[in-house]
Amino acid sequence: YEMNTAGLRQVSNPSEILLSQRDEPLSGITISAMLEGMRPMLIETQALVSHSAYGTPQRSATGFDTRRMNMLLAVLEKRCGFRLSAKDVFLNIAGGLRVEDPAIDLAVVVAIISSHEDMPINTKTCFAAEVGLSGEIRAVNRIEQRIAEAEKLGFEQIFISKYNKKGLDVSRYGIAIKTVSKIEEVFGMLFG
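Residues numbered from 1 in each chain as written. Predicted model: local features only at pLDDT ≥ 70, side-chain atom pairs only at ≥ 80, totals over all residues. Heavy atoms only, no water.

Caption draft 1: Quick look at the packing of aromatic side chains. As enumerated under the stated definition, the model contains 3 aromatic pairs in all. Three or more aromatic residues joined by ring pairs form one cluster here, namely Phe-82, Phe-187 and Phe-191. (Phe/Tyr/Trp six-rings, centres within 6.5 Å; stacked < 30°, edge-to-face > 60°.)

Caption draft 2: Inspection of the packing of helix α3 (residues 105-117) against helix α5 (residues 183-191) at higher detail. Packing of α3 against α5 brings their axes to within 11 Å, and their N-to-C directions diverge by 50 degrees. Here α3 lies oblique to α5, going by the angle between them. Here the hand of the crossing between α3 and α5 comes out right-handed. Packed against α3, whose contacting residues are Leu-106, Val-109, Val-110, Ile-113 and Ser-114, the element α5 presents Ile-183, Val-186, Phe-187, Leu-190 and Phe-191 at the interface. For the contact of α3 with α5, the class distribution of residues is 9 nonpolar, 1 polar and no charged. (Axes fitted to C-alpha atoms, helices over the stretch in contact; angles between N-to-C directions. Helix = DSSP H or I, 4+ residues; strand = E, 2+ residues; numbered from the N terminus. Parallel < 35°, antiparallel > 145°, perpendicular 65-115°, else oblique. Left-handed = near helix turned anticlockwise from the far one by under 90°. Contact = heavy atoms within 4.5 Å. Nonpolar A, V, L, I, M, F, W, Y, C, P; charged D, E, K, R; others polar.)

Caption draft 3: Main features of unusual backbone geometry. Phi angles above zero are rare outside glycine, and Asp-118 is one such case at about 55 degrees. The exposure class assigned to Asp-118 is exposed, which follows from its relative accessible area of 58%. A positive phi is found at Arg-142, a non-glycine position, where the angle reads about 50 degrees. Topologically, Arg-142 is positioned in the loop between β9 (137-138) and α4 (143-152). (Buried < 20%, exposed > 50% of the residue type's maximum accessible area, 1.4 Å probe, protein only.)

Caption draft 4: The sheet that holds strand β10 (residues 157-161), seen in detail. Ordered by their spatial adjacency, 7 strands build an open sheet running β5-β6-β4-β3-β7-β10-β11, and the pairing between neighbours is mixed. Looking at strand neighbours, the two that pair on one side only are β5 (59-62) and β11 (176-180), the edges of this open sheet. In this sheet, adjacent strand axes meet at a mean angle of 25 degrees when their direction is disregarded. The pairing of strand β7 (residues 125-128) with β10 spans 4 bridges and is classified as parallel. When the bridges of β10 are listed, Phe-127 appears paired with Phe-159. Seen against the sheet, helix α2 (residues 66-80) touches β5 and β6 (87-93) and runs at an angle of roughly 125 degrees to β5. Along the sheet, α3 contacts β3 (29-36), β4 (39-51), β6, β7 and β10; its crossing angle with β4, the most-contacted strand, is approximately 30 degrees. (Pairing = 2+ DSSP bridges.)

On their own, these measurements won't tell you what the molecule is for.
Structure follows, in structure tokens:
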């Protein structure tokens with residue numbers, strides 16, 4: 001429900017409220033397909049990576065587990081060669097949500113690298129995959145619902161684990177489904 005001047009109104013699609021409307025792509029912003037209970041929702045992940053002004057880098061996450069963010073930063077450092085140990089990293093899940101779904105991991109790491117490299121991600125690209133400690137892209141549950149939600153909201157492509165493709169009828173969807181197995185593949189497809 002949403003409160004407006006006429007009182008409470010039912011929100012038929014919460015994803016539309018949680019995604020910001022912007023005219024141009026900005027670095028550090030990605031969209032992920034998550035599940036809240038049984039309902040698929042698309043949420044916006046925002047990251048800001050900057051030089052540490054005080055010597056000790058800050059790590060701050062709003063709506064996301066800080067320990068998990070630190071783990072993902074370690075994966076980026078060790079497996080992908082990004083030097084983030086001397087950088088401040090701030091992460092925000094837009095809309096005030098607290099997210100426990102590991103399916104937003106890929107969106108988080110892409111948002112961090114997008115901000116670090118100052119390269120925006122296409123606003124019609126979505127992510128739904130977990131990232132493991134060796135940099136592998138892991139499958140998530142109920143992938144069909146996540147893909148259908150992204151398609152319904154007009155997204156053109158979604159990145160998922162190649163292990164989610166087993167038993168998935170790709171021809172049912174009008175959205176491009178990009179299957180990946182390692183984080184390096186994702187970066188190669190997005191950042192060249």
